[in-house]
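# Geometric and topological summary
Given next are the chains, with one letter for each unit.
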Amino acid sequence: MNTQNTPVHIRLWHREFWQMSVANWLLNMSAYMLIPVMPLWLLLKADFTPVETGIGMGLFGVGLYALGPFCSYLVQRYRRNMVGLLAIIGMTLSLGLLYYVDRETTVRKEAVFLQRFLFGACFGLAQMVLTSTLIIDTSESFQRTEANYSSAWFSRFALALGPIAGLLVYRHYGFDSVVLVSMACCLAAVVLIHLVHFPFRTPADNVKKLSLDRFFLPQGSWLFLNMLLVTATVGMLMTTALTDWYYAIMMGGFFLAILAQRFVFPEAELKSEVVSGLILLAASVLIIMVQKGEALSYISPLFMGLGVGIIGSRFLLFFIKLSRHCQRGTSQSMFMLSWETGLSIGLFVGYAFLYNDQRSLCVVALVLTAAALGLYNFFIHRWFISHKNR
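Described below are features of the structure shown in this document.

Scoring rules and cut-offs
- Within any chain, residue numbers begin from 1 and follow the written order of that chain's sequence.
- Predicted model: local features are reported for residues with pLDDT of at least 70 only, side-chain atom pairs are reported and counted for 80 or more only, and whole-chain, interface and lining totals are derived from all residues.
- The side-chain values count all of the structure's non-hydrogen atoms but skip hydrogen atoms and water molecules.
- To qualify as a helix, a DSSP run of H or I must reach at least 4 residues; to qualify as a strand, a run of E must reach at least 2; elements of each kind are numbered from the N terminus.
- Each residue gets one of three labels from its accessible area relative to the maximum for its type: buried under 20%, exposed over 50%, partly exposed in between, using a 1.4 Å probe on protein chains only.
- Residues scored as charged are limited to Lys and Arg (positive) and Asp and Glu (negative), so that His and the chain ends carry no count.
- Basic side-chain nitrogens of Lys or Arg form a salt bridge, by our definition, when they fall within 4 Å of a carboxyl oxygen of Asp or Glu.
- Definition of a polar contact: a pair of N or O atoms within 3.5 Å, with one able to donate and the other able to accept a hydrogen when the atoms are protein atoms, and with sequence-neighbouring residues admitted only if both atoms are side-chain atoms.
- It only takes one pair of heavy atoms within 4.5 Å for two residues to be counted as in contact.
- Cavity and pocket criteria rest on a 1 Å grid covering protein atoms alone: a 1.4 Å probe that fits but cannot get out defines a cavity, protein on both sides within 12 Å along at least 5 of 7 lines defines an open pocket, and an atom within 4 Å of a point defines a lining residue.
- Grid points are joined across faces, edges and corners, and a volume is the space filled by probe spheres set on the points.
- Charged means Asp, Glu, Lys or Arg here, nonpolar means Ala, Val, Leu, Ile, Met, Phe, Trp, Tyr, Cys or Pro, and polar covers whatever is left, Gly included.
- Axes, fitted as lines to C-alpha atoms, cover a helix only where it is in contact. Angles between the N-to-C directions of the axes lie from 0 to 180 degrees.
- When describing relative orientation, an angle under 35 degrees is termed roughly parallel and one over 145 degrees roughly antiparallel, while 65 to 115 degrees is termed roughly perpendicular and anything else oblique.
- Note: crossing handedness is left-handed where the near helix turns anticlockwise from the far helix by less than a right angle, and right-handed where it turns clockwise.

## A few points about the side chain of arginine 116
Following the sequence through the fold, arginine 116 ends up in helix H6 (residues 109-137). For the buried arginine 116, no salt bridge exists, and the shortest N-O distance to an oppositely charged side chain is 8.4 Å, to glutamate 340. For arginine 116, the side chain forms a polar contact with the main-chain oxygen of glycine 56, separated by 3.2 Å. Filtering out sequence-adjacent residues up to four positions away, arginine 116 remains in contact with Leu34, Met38, Gly56, Met57, Leu59 and Phe60.

## Some remarks on the layout of surface pockets
There is about 400 Å³ of room inside the largest pocket. As for the largest pocket, its lining consists of 15 residues, and the residues nearest its centre are Ile136, Arg144, Cys326, Arg328 and Gly329. Contributing elements (two or more residues each) for the lining of the largest pocket: H6 and helix H13 (328-352). Of the residues contributing to the lining of the largest pocket, the split by class is 2 nonpolar, 6 polar and 7 charged.

## Here we look at the environment of phenylalanine 254
Here phenylalanine 254 is to be found in helix H10 (residues 244-263). Of the residues examined, phenylalanine 254 reaches a relative accessible area of 0% and is grouped as buried. Along the primary structure phenylalanine 254 and lysine 209 are separated by 45 residues, whereas in three dimensions their C-alpha atoms are 39 Å apart.

## Here's the deal with the packing of helix H7 (residues 144-173) against helix H8 (residues 175-194)
A pair of packed helices can be characterised by two numbers: the angle between their axes and the separation between those axes. Between H7 and H8, the least distance of the axes is 7 Å, while the angle of their chain directions is 140 degrees. As far as their axial angle goes, H8 and H7 are oblique. For the crossing formed where H7 meets H8, the hand is right-handed. Contact residues: Gly166, Val169, Tyr170 and Tyr173 in H7; Phe175, Asp176, Ser177, Val178 and Val181 in H8.

## Section: empty space enclosed by the protein
Regions of empty space are outlined by a rolling probe, equal in size to a water molecule, passed over the atoms. A full pass over the atoms with the stated rule returns 3 cavities of 30 Å³ or more. By volume, the largest cavity amounts to about 200 Å³. Contributing to the lining of the largest cavity are 16 residues, with Gln127, Ala152, Ser155, Phe335 and Met336 lying nearest its centre. When residues of the lining of the largest cavity are traced back to their parent elements, those giving at least two are helix H1 (15-32), H6, H7 and H13. Looking at the lining of the largest cavity residue by residue, the class counts come to 6 nonpolar, 8 polar and 2 charged. Ala31, Tyr32, Ile35, Phe60, Arg116, Phe119, Glu340, Leu343, Ser344 and Leu347 are the residues that line the second largest cavity. Ranked by residues supplied to the lining of the second largest cavity, first place goes to H13 with 4 residues.

Geometric descriptors of this kind do not, in isolation, establish any biological role.
In C-alpha cells, the structure reads:
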C-alpha cells in the first residue's frame, strides 16, 4: 500500500488533547457564526453598502497577519498558554465592542472596521498558539501528525456548525444575542485552556521579536496559494448561503469526506484526493448556477462539504511534509492562514463586487476552482513530490 496516502486515524484519547481541540472548535465557532449573520446586520440595520460590507468582512483576514510575526517571541518569552489566553480575551473584548456598537442608535462604520481587524488579529494569534504550540505540546511526538489532523477536523466542522448556530440565534433572538453567544464560546475556550497545565520553558537566547517561525512557512507558498483559491471559492459561495439547512447538509459532506478518506482513497493515487475534491467543488458551483429543482439545491452543499473536506485534510498533511525539523508548528499556522485568508477574500469579493449577481459570482467561483485544479494537477503536485521533507 502507498504509505504516503494512508489516512491518519484518530487514536488520541488523553484529556489534554481533547480539551485543546474543543477549545479550538469553540474559537472557530465564535468566528464562523458571524459569517452569515453579520452581513445581514450590516446591510439591514447598520445601513452599510455592499462594498462596505465586503470591506468589513475582509478586514478580518487582514488582521490575521498583524500579530503573527510576534508569535514565536511571545510563546518563548512568556508562558505559551497565557499568550493564547490573552489572545482569546482580546477576541472577547473586540466582540464586546461589537455588542456596544449594536446597542447604539447609529452604527459607526469605523468602529465596525476596527472591531473586525482586532478580532482577526486576536483570532490569528490564538489559532497560531493553539495549533502550532499547545495542541502539539499535549501530544506525544509519534502522535503529532494525528493530533494536527484530528484538531483540524474540529475547525472544519465549525465552518458548518458556526453558521447554523448563528442563523438560529439571529432568527429567534437577534444579532446582539449572536454576539453574546460568540463571546460565550471564547470564554468557554479560556476555561478549557486554563485547566491544562503547561510548564514554563526557559526562553532561548537572542529570541527575535519579529520572526517567520510559528507564523509563515516560505517553502509552502505554492500550497498556500492553491489552498487560498479553494477557500476563496467557498467564501464566495457562503455569501449566497443564508439558510441553516445549507450548512447542515454541508456538514453531512464533511462526514462523507472522513469516510472517503478512510475507505476510498487509501489505495488510490496520491493526487486523486485533491483532484476529486476540486471536481466536486466545481460541480457544487455548477449546481448553484443551474438551480433546477429542490433536490439539486441539497446536493450542492453536500458536494462542497465533501470536496473541501477531502482537499483540506490532504493539504494539511502536505504542509506538514514540506516542513523541516522543528517547523511543524509553522506549517500548521501556514495552513490556517491559507484557509482563513481565502475565506476572507471570498467574502470580500462576494459582497463588494458580486452582491445580488449570483450568476457572475458562480462564474468567478468556477474560474477560481479551474485555476486551482490546473495549478495543482500540472505543477504543484510534482513540485510537492520533489520538495517534501518527510
